[in-house]
Amino acid sequence: MELFDALVVGGGPAGSALSTLLARRGRRVLLLEKEEFPRFHIGESLLPGTVPLLDRLGVGDAIRSAGFLEKHAAEFVTGDGDLYRRYPFAEGVVDGYPHAFEVDRAEFDSLLLENARNSGVVVRQGVCAEDADFDDPGSVRLAARDSSGAVIRFAARFLVDASGQDSFLARRMRSRRMDPSLKHVAVFSHYDGAQRGSGKAEGDITIVLVPGGWWWVIPLSGGRTSVGLVGPATMLAGCKPDETFFLERLSETPYLARRFSDATRVAPVRAASDYSYTNDRYAGDRWLLAGDAAGFVDPVFSTGVHLGLEGAFRAADCLDRALSRDRLGASSFRAYERWLGKALRVYADFVRGFYRPEFAEVMMYPSDRLQLRQAVTSVLSGYAVGYPAVTWRVAIFKAITRLNRKHRLTPRIRGRREAVSYLGARV
Ligand SMILES: Cc1cc2nc3c(=O)[nH]c(=O)nc-3n(C[C@H](O)[C@H](O)[C@H](O)COP(=O)(O)OP(=O)(O)OC[C@H]3O[C@@H](n4cnc5c(N)ncnc54)[C@H](O)[C@@H]3O)c2cc1C
């Protein structure tokens, strides 16, 4: 049996990026993906900070020529459509990349996986990892099943779990920790012909604030639009997250009813459990977790793909060094673990804030003093961790939101304070 340097479970953005980076450094990498690509995946809105990472991976040009819509700003609007705030990425406090892309994930993920293959990664699709055995001190043994049902066995010096929310390894180790304050569900679909902005605003993501949750509206190329509702599991109030529930909520939100009045639904209504979670550890003896398999933060700020890719770069650096020294224990991955823990904390903290009315109100009425609005723009662009110019301003921004809870520093958003907050407390 061939002994690979690394075996990667999962061919999403995190798995294919990490494999690519290792293979480019001469490592022998096997990637197992249980689906056959292209396959549907939710998570279509990228961040500007991700684009330079795609360039470094060697797929920037392919992404630019794939015809994905450019995304120049994130906008927030109340459900009645009365209050509106646009955060153009070019106005951030960090001089970062000025735009991102709204992507069809089937196509985007296929481009990344193809890039891995072209970089020398051995890619096996339709093969589902089922069990991992760490008993042999020199290798990890993995049992997988192919689409015919046959069991196949592999061996590698190191195992990377990039299996997304399936969390292949973390579930076996029972190390996943759910965030009780962000127990959410998502219900979503795709439409043709929904209204959208023009010019640079065409690809803006819109976050629609409603008392029981929030909606995303993501314009895609070819006139298609992704639209989904996210909120606490309690918002279902005994209903199933099905078509009836989705269509009723959409039609009772005036802003969306207007935007989708002439649109045709072209996809089934799907639901996803959207719980945020982290893990006790992100690496151990001969294993590490990458992307969603390591941790997931509620998608309101579209951080998933970005964290998966940035994490892949950091993990690949540690892993390549560890393979060279043949020191494949947890201590070789401290830098990766520290960064990932911090990134997940920083974004989860910002997300929890968003679910509080006093925080959302300050976002809807941001101040340019001390460039606070520009700092929030940088967070929305993916430049939240490791940028001191952002960190201290965000600390002030959050202090203002706390003050805004009791003192009326901003106008109130109608309906939001009356609603039970997403955190389950009446405010
Ligand atoms: C409702 C919702 C909306 C979102 N919106 C956004 C957004 O707008 N922008 C954004 O950046 N992120 C968004 N995300 C998050 C984003 O989808 C993920 O963070 C991202 O896909 C993570 O990439 P990954 O490579 O870690 O995992 P994935 O993309 O999930 O890839 C994991 C892969 O592993 C494979 N796999 C799983 N188990 C096995 C196994 N046992 N054997 C072999 N293969 C296996 C799967 O088939 C899959 O292809 C959203 C998430 C949700 C739930």
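Residues numbered from 1 in each chain as written. Predicted model: local features only at pLDDT ≥ 70, side-chain atom pairs only at ≥ 80, totals over all residues.

On to the environment of Y255, then. Mapped onto the secondary structure, Y255 falls in helix α7 (residues 254–259). Residue class for Y255 comes out buried when judged on the 20 C-beta atoms lying within 10 Å of it. For the pair formed by Y255 and T78, sequence separation is 177 residues and the distance between their alpha carbons is 7.7 Å. Here Y255 is in contact with V77, G79, D80, G81 and V208, once residues within four sequence places are set aside. (Helix = DSSP H or I, 4+ residues; strand = E, 2+ residues; numbered from the N terminus. Buried ≥ 20, exposed ≤ 12 C-beta atoms within 10 Å, placed from the backbone. Contact = placed C-beta atoms within 7 Å.)

This next bit is on the confidence of the model for the protein chain. A residue-level look at the protein chain finds 96% of positions with pLDDT of 70 or above and a mean pLDDT of 93. Every residue in residues 418–427 is under pLDDT 50, and counting partners more than four places away or in other chains gives 15 contacts. (pLDDT = per-residue confidence, 0-100.)

It is worth spelling out the packing of helix α11 (residues 372–381) against helix α12 (residues 388–406) at this point. Two elements in contact, α11 and α12, have axes whose closest approach is 9 Å; the angle formed by their N-to-C orientations is 115 degrees. Compared by their axis directions, α11 and α12 come out roughly perpendicular. Crossing of α11 against α12: the hand is left-handed. Of the residues in α12, those touching α11 at L372, A375, V376, S378 and V379 are V390, R393, V394, I396 and F397. (Axes fitted to C-alpha atoms, helices over the stretch in contact; angles between N-to-C directions. Parallel < 35°, antiparallel > 145°, perpendicular 65-115°, else oblique. Left-handed = near helix turned anticlockwise from the far one by under 90°.)

Here helix α1 (residues 13–24) crosses helix α8 (residues 304–325) at 30 degrees, and the two axes come no closer than 8 Å. When the axes of α1 and α8 are compared, the pair comes out roughly parallel. You can see that α1 and α8 cross each other, and the crossing is right-handed. Residues P13, A14, A17, L18, L21 and L22 of α1 lie in contact with α8, whose contacting residues are V305, G308, L309, G311, A312, F313, A315, A316, L319 and D320. For the contact of α1 with α8, the residue count by class is 13 nonpolar, 2 polar and 1 charged. (Nonpolar A, V, L, I, M, F, W, Y, C, P; charged D, E, K, R; others polar.)

Near the ligand there are 37 residues, and of these G12, G43, G164, G291 and G304 occur at the shortest range. Put simply, the parts of the chain that give the shell around the ligand at least two residues each are α1, β2 (29–33), β8 (127–133) and α8. If you tally residues by element for the shell around the ligand, the top one is α8, at 4 residues. Grouping the amino acids of the shell around the ligand by side-chain chemistry returns 15 nonpolar, 15 polar and 7 charged. (Near = placed C-beta within 6 Å.)

Now for the pairing of strand β14 (residues 213–219). Strand residues, when the strand is regular, have side chains that alternate between the two faces of the sheet. Taking burial as the measure, the 7 residues of β14 include 7 buried ones, the bulk of the element. Alternating positions in β14 separate into two faces, G213, W215, V217 and P219 on one and W214, W216 and I218 on the other, with burial throughout. Bridging between strand β13 (residues 205–210) and β14 involves 5 bridges; their strand directions are antiparallel. Of the residues in β14, the one forming a bridge with I207 is W216. Examined bridge by bridge, β14 and strand β15 (residues 224–232) share 6 bridges and lie antiparallel to one another. Bridge pairing links I218 to S226 in β15. (Pairing = 2+ DSSP bridges.)

Bringing the nonpolar core into the picture now. In terms of nonpolar packing, the biggest core is built from 129 residues, with A6, L7, L18, V160, V208, L288 and A290 touching the most fellow members. For this core, the leading source of residues is α8, giving 9 residues. Counting only domains with at least three residues in this core, you end up with domain 1 (3–68 + 104–178 + 279–345) and domain 2 (180–273). (Core = buried A, V, L, I, M, F, W, Y, C linked by C-beta atoms within 7 Å. Domains from an automatic or database assignment.)

By a widely used convention, the size of an interface equals the accessible area lost when the partners come together. Here the protein chain is described as being made up of domain 1 (3–68 + 104–178 + 279–345) and domain 2 (180–273). For domain 1 versus domain 2, the distance between C-alpha centres works out to 29 Å. If you look at the interface, domain 1 gives 11 residues, while domain 2 gives 13 residues. Among the residues forming the side of domain 1 that touches domain 2, the class breakdown is 5 nonpolar, 3 polar and 3 charged.

Turning our attention to unusual backbone geometry. Residue P38 is bonded to the preceding F37 through a cis peptide linkage, with omega at 0 degrees. Looking at the secondary structure, you find P38 in the loop between β2 and α2 (51–57). Positioned with a positive phi, R174 is a non-glycine residue whose angle comes to about 55 degrees. Residue classification places R174 among the exposed positions, given that 7 C-beta atoms sit within 10 Å.

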